[in-house]
Structures are given as structure tokens and as C-alpha cells.
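The primary structure of each chain is shown beneath.
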Amino acid sequence: MRKILTLFLLVLSSAYAKAQAGKSFSLSFDADLNIPLNTGEQNYTQTRDYYQDGIGGNIKAEMPLIPELHLTGSAGFVYYPSDIHYLYMTAYYPGYVAPAYRQPTPYAFIPIKTGLRYYFIKYAYIDAQAGEAIKTNGVSSSAFIYSGGLGFVIPFNHRNGLDFGVNYERGYKIADHPYPMSQIGIGAGYKFGW
């Protein structure tokens, strides 16, 4: 975990140094919708019985190594509502509705990742990242995560734009389910300095 955090801080400091030297680099703020996929089964329940659709956000730094290939570093927060208490009770009591004060604890993580982004045309890219999802409560588990996807930028001017992307991500884990979760993430963000 310390190595990943150190690498992330190195990416940010290198990007800042390049920006100070007049080189281009960007910083983006993204919001994400995360849709878990059924990738494992335990006791007749599947991944989507544990993870509901999640939301998240992150800040990403991007520094060009060459014009088409950029080094990336990101940190954020991911939140998945949990349905496990409801799942257990409905197995024995059809029609059971959990009272508000007994809603299950959500799964929440702080993902820290580094990776590469390749612009195959001026405004479109593919990227890959890897890092660690740090748990924020007892029902979550810290784990190695990785992702890959594609996206495009709609520029407002030569400095700012909207960044849209779709990616496949795997690795989030929780205490109640032994399988790493796979998901499709759909994100949109505002990009500065692009």
C-alpha cells in the first residue's frame, strides 16, 4: 500500500514540476456510476446480491511522457449500498422489509491507482490502471484492483474539456463474499489543463 501511495504522490509531484516548467499536464475531477457484474456464486447468491450499483468520484493527474502516451495517477472514493441483511431476511420471511435503522452497512473504499493512457487519436484514448482499494469500514476488505477502458474528451478550448469514459474494473472485496467483484464503470469529469 505504501508503495502505491508513494508512486501516486510521485506522479502528482512530477506533473506539478512539469506544469511549473511550462509543460502540459492535466487534472480532472470525475463522477462515476459503477455497475457490478455477476462473477461468482456463494451459497446460491451472486455478486449482485451483495453489491448494489455504486457511485464514486476521483481526482486524476495526467502527465505526458510523449504526446500520445500519458502517465496517470488517481485517488477517489467509491460507495456501494449493501443489501446483505435484506437478502438474509427475505430468504426466511418473504416480503420482509428492513426498517431504516437496520439497513446494512454500505461497502466503501478509497481506490488509489496509477497507470497509462494512450491517445490513439487526438480526442480518444484507451487506458489501464492498477492499485489498491483501501477499506473504510469493517464490512469492506482492502485489495489489489485493476482496470482498463476507453474514453474521449470534448474540448471547450485549448485548456479545458469534458472527459467521458467506460471501463472494466476488478478486485474490490468484502468480508461476506470471497470473490473479487468485477464491474463496469461509466464516468464523466471536468478536465483542466488539457
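Scoring rules and cut-offs
Residues numbered from 1 in each chain as written. Predicted model: local features only at pLDDT ≥ 70, side-chain atom pairs only at ≥ 80, totals over all residues. Heavy atoms only, no water. pLDDT = per-residue confidence, 0-100. Helix = DSSP H or I, 4+ residues; strand = E, 2+ residues; numbered from the N terminus. Contact = heavy atoms within 4.5 Å. Patch = residues over 30% accessible without salt bridge, like charges linked within 9 Å, V, L, I, M, F, W, Y side chains within 5 Å. Areas by Shrake-Rupley, 256 points an atom, 1.4 Å probe, with all protein chains shown as cover. Salt bridge = Lys/Arg side-chain N within 4 Å of Asp/Glu carboxyl O. Phe/Tyr/Trp six-rings, centres within 6.5 Å; stacked < 30°, edge-to-face > 60°. Buried < 20%, exposed > 50% of the residue type's maximum accessible area, 1.4 Å probe, protein only. Lys NZ or Arg CZ within 6 Å of the ring centre and 35° of its normal. Core = buried A, V, L, I, M, F, W, Y, C linked by side-chain atoms within 4.5 Å.

(A) A look at the confidence of the model for the protein. Averaged over every residue, the pLDDT of the protein is 81; residues scoring 70 or more account for 73%. Per-element confidence in the protein is highest for strand β7 (residues 124-135), whose mean pLDDT is 96, and lowest for helix α1 (residues 2-20), whose mean pLDDT is 47. Segment residues 7-13 is flagged for pLDDT under 50; beyond a separation of four residues in sequence, or across chains, it makes 12 contacts in the model. Of the regions scoring below 50 in pLDDT, residues 15-23 engages in six contacts with residues more than four places distant in sequence or in other chains.

(B) Quick look at a nonpolar patch on the surface. On the surface, Leu33, Ile55, Phe77, Tyr79, Ile110, Val166 and Ile186 cluster together to form a nonpolar patch covering roughly 570 Å² of accessible area. Of note, Ile110 is situated in strand β6 (residues 107-121).

(C) Main features of the packing of aromatic side chains. By the definition in use, this model includes 11 aromatic pairs. Relative to Tyr172, the ring of Phe109 lies with its centre 4.9 Å away and its plane at 55°, an arrangement referred to as tilted. Of the two residues, Phe109 sits in strand β6 while Tyr172 sits in strand β10 (residues 160-174), which places them 63 residues apart along the sequence. Judged by its relative accessible area of 0%, Phe109 falls in the buried class. You can call Tyr172 buried: its relative accessible area is 1%. Centre to centre, the rings of Tyr190 and Phe192 are 4.7 Å apart; their planes meet at 65°, and the pair counts as edge-to-face. Connected via pairs of aromatic rings, a cluster forms that spans Tyr51, Tyr80, Tyr107, Phe109 and Tyr172. The ring centre of Tyr125 lies 3.7 Å from the NZ or CZ of Arg117, which sits over that ring.

(D) Spatial organisation of the nonpolar core. Of all hydrophobic cores here, the largest spans 11 residues; its members are Tyr50, Tyr51, Val78, Tyr80, Tyr107, Phe109, Ala133, Ile145, Tyr172, Ile174 and Met181. Every element with two or more residues in this core is listed here: β5 (69-80), β6 and β10.

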